[in-house]
Amino acid sequence: MADALSLIPAAVLRNLADKLYEKRKNAALDIEGIVKQLATAGDHDKITAVINLLTTEFTYSPQANHRKGGLIGLAAATVGLTSEAAQHLEQIVPPVLNSFSDQDSRVRYYACEALYNIAKVVRGDFIIFFNQIFDALCKLSADSDANVQSAAHLLDRLVKDIVTESDQFSIEEFIPLLRERMNVLNPYVRQFLVGWITVLDSVPDIDMLGFLPDFLDGLFNMLSDSSHEIRQQADSALSEFLQEIKNSPSVDYGRMAEILVQRAGSPDEFTRLTAITWINEFVKLGGDQLVPYYADILGAILPCIADKEEKIRVVARETNEELRALKADPAEAFDVGAILSIARRQLSSELEATRIEALHWISTLLNKYRTEVLEFLNDIFDTLLKALSDPSDEVVLLVLDVHACIAKDPQHFRQLVVFLVHNFRVDNSLLEKRGALIIRRLCVLLNAERVYRELSTILEAESDLDFASIMVQQSLGNPGGKELYVSLYAPGGPFPMAIISLCLLAQTYQHASAVIQSLVEEDINVKFLVQLDKLIRLLETPIFAYLRLQLLEPGRYTWLFKTLYGLLMLLPQQSAAFKILKTRLKAVPSYPFNGEQLKKTSSGNPYQFLHHHMSGGSQISEDGDIAMDGGNSHNGINFAARLQQFQKMQHLHRVHLKTQAQSRKNSSTLSKEAQRQEEPKRPQSSEVNVIPSRSSKRAQGS
């Protein structure tokens, strides 16, 4: 210190701390001259002493003017050293960098000015302090003082020039700092960072693309900045990098794919569009590198398929098709289970288009990797069953396609039908709203006879007769063949409307009339009338067009008329169904019916020309050859036996209902008795009388 004081006159030191800038500037010129003389003499010890004096007594002084003078003095000393300044930078630069965080804005300003002058002298030797300088400039770019910001910008431009022409810059050492700073939200800092990324990427010797995964997420963050200028700069930088990716032979797609997948779900529209555009290019370019990330990519694409922005939807759909067209081997990192898991999860999406595409993926995987998919069947089966309750008919039909594809194997077919019946049992709304649709679609996909046989086998053992009744009603859509007719007849035995519906579909009108005639008072209940109402309305639909056309030939279809009039007589006259059926029958050409005609139709074969063919080209009609049991059997079906079977099942059903009613009555009586014992003084409530059922004379005689 003493040596330095003897080297620098007291007046110079006094002026260096003066409040007037001109005096400080003149003092700095004197110091420059002194250091230059010492450098010429090669006396670096004394130069070190001068720098120490300027640092300790001035730049670290509690007095602001002293700190300003010290900064000017250090810059002047560097200028005086010229080419020999590099060996003293370890002393000169740290106190200047420390001044960047000074509480006095004028000190920060002079720190920028001092470092600018130092950098101009040392140029490339300056690079060893790059990270510290970059960090300081990053903070100063958001300085509250406009003059400091302006000075920092000038210094920043000079540092960029030095870095771009230097061969000492280490991108490996810089990237961790850049990655850390990319999370800053300040708009000035963001502009500063994007500027540096762009500059460094323009340097041929610096491989910024290789480190793109380290700061890619930060760039995507900036796409949603409130500043249009920042969004534009970030987008420009990303576009440049994407172009470089297309032209590069070696790219780390995997790490970036993870980032893009997250960004594709951004609430910001522009960010989603950019991310899905990148994913689209990656799917085209990435090849085998992306195989381990297929599931994640699919998870990002599927929600975007239903995005509110059309541009995003278009790119997402294109990407989805590209991904589905790729050939991947499960033995080579292609995870079928992960893809299925994503598709299963997206089946719960609120977006219909997303659910539809998820089902397309499951179907695609079944077609390409059936064995592998069936290994995960337990993981997705419940979800697929729940999807049958989806509000979208298109989704339900696709779910059925998937189910049908799974059910090609006999064991899975049985499992599917059992699960369906179980779901129908526990979810009545599913059965009522979608039961017919589901069964009809499965009949188309899996062979109607096969489906109905399996359903009838299951329903024969069904203990819940009400459920079985509804199931049979829903199932009657495509009956065919003698065996199928018989198999459907069995579970429908206890339910008159189910049997009548089956007879109308199979055109066994005489048997339908016989069933109606065999009904007793107890069979005509509210449930029966509700089902009858539905049947009358169903008769007006296209599926029964053949039946309505047969009404044009009353002489040939006498039993059809008798059946329809029988149904009309069972309906309440004020009901809508009564008016519908009555109106339909009024439209029929008048034709006199008599006993002789009924006899002819009983023994003849008026149905042999009917176009309602069953599977295998056969027809069903109870009016067969006269030699076959007097008209009571045809095509091997004994209709007299079927009628006896129906009457027997009806009797058992009535007994079952009476037993249930008696059980409820007994339970109610016991409950009231218990209440009387607990509250002997409380008035007893009136019991509900259960009116015993009466059988008609026809039933008593049978």
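Residues numbered from 1 in each chain as written. Predicted model: local features only at pLDDT ≥ 70, side-chain atom pairs only at ≥ 80, totals over all residues. Heavy atoms only, no water.

Student: So what exactly am I meant to see when it comes to the overall build of the protein here?
Tutor: Within the protein one finds 36 helices and 2 strands. Per-residue burial for the protein yields a buried fraction of 50% across its 702 residues. Taking all contacts inside the protein whose residues are at least 6 apart in sequence as the whole, residues at least 24 apart take part in 70%. (Helix = DSSP H or I, 4+ residues; strand = E, 2+ residues; numbered from the N terminus. Buried < 20%, exposed > 50% of the residue type's maximum accessible area, 1.4 Å probe, protein only. Contact = heavy atoms within 4.5 Å.)

Student: Could you clarify how one ought to interpret the side chain of R272 in this entry?
Tutor: By the secondary structure assignment, R272 is in helix α15 (residues 269–286). Side-chain polar atoms of R272 contact the side chain of D307, separated by 2.8 Å. With sequence-adjacent residues up to four places away left out, R272 is seen in contact with R263, A264, S266, P267, D307, K308 and I312. (Polar contact = N/O pair within 3.5 Å; in protein donor to acceptor, adjacent residues only side chain to side chain.)

Student: How should I be thinking about helix α17 (residues 310–325) in this particular structure?
Tutor: Two residues of an α-helix separated by three or four positions point the same way, owing to the 3.6 residues in each turn. Helix length check: α17 (16 residues) gives 23 Å between terminal C-alpha atoms against 22 Å at 1.5 Å per residue, within 8%. For α17, the set of buried residues is I312, V315, A316, T319, N320, L323 and R324. Down the axis of α17, the smallest arc covering the buried residues is 165°, so these residues share one side. Opposite the buried face of α17, at more than 90 degrees from it, the exposed residues are E310, K311 and A325. Taken together, the buried residues of α17 touch α15, α16 (294–304) and α19 (352–368). (Expected span 1.5 Å × (residues − 1). Arc of directions from axis to C-beta.)

Student: In this structure, what is going on with the UniProt feature "repeat: HEAT" (unreviewed entry) in the protein? I would like to understand it.
Tutor: Per the UniProt annotation, the sites labelled "repeat: HEAT" (unreviewed entry) are residues 92–127. The span residues 92–127 is 72% helix and 0% strand, and its two end C-alpha atoms sit 14 Å from each other. (UniProt positions renumbered as here; feature names shortened; annotations may be inferred.)

Student: Sorry if this is basic, but what is going on with the pattern of salt bridges here?
Tutor: Opposite charge on two side chains allows them to pair when their charged atoms are near. Across all of its chains, the model carries 26 salt bridges by this definition. Across the pair R324 and E321 runs a salt bridge, and its minimum N-O distance is 2.7 Å. Of this pair, R324 and E321 are both found in helix α17, 3 residues apart, which corresponds to roughly one turn of the helix. Among the residues examined, E321 registers a relative accessible area of 43% and is labelled partly exposed. Here the salt bridges do not stand alone but share partners, grouping D135, K139, E180 and R181 into one network. (Salt bridge = Lys/Arg side-chain N within 4 Å of Asp/Glu carboxyl O.)

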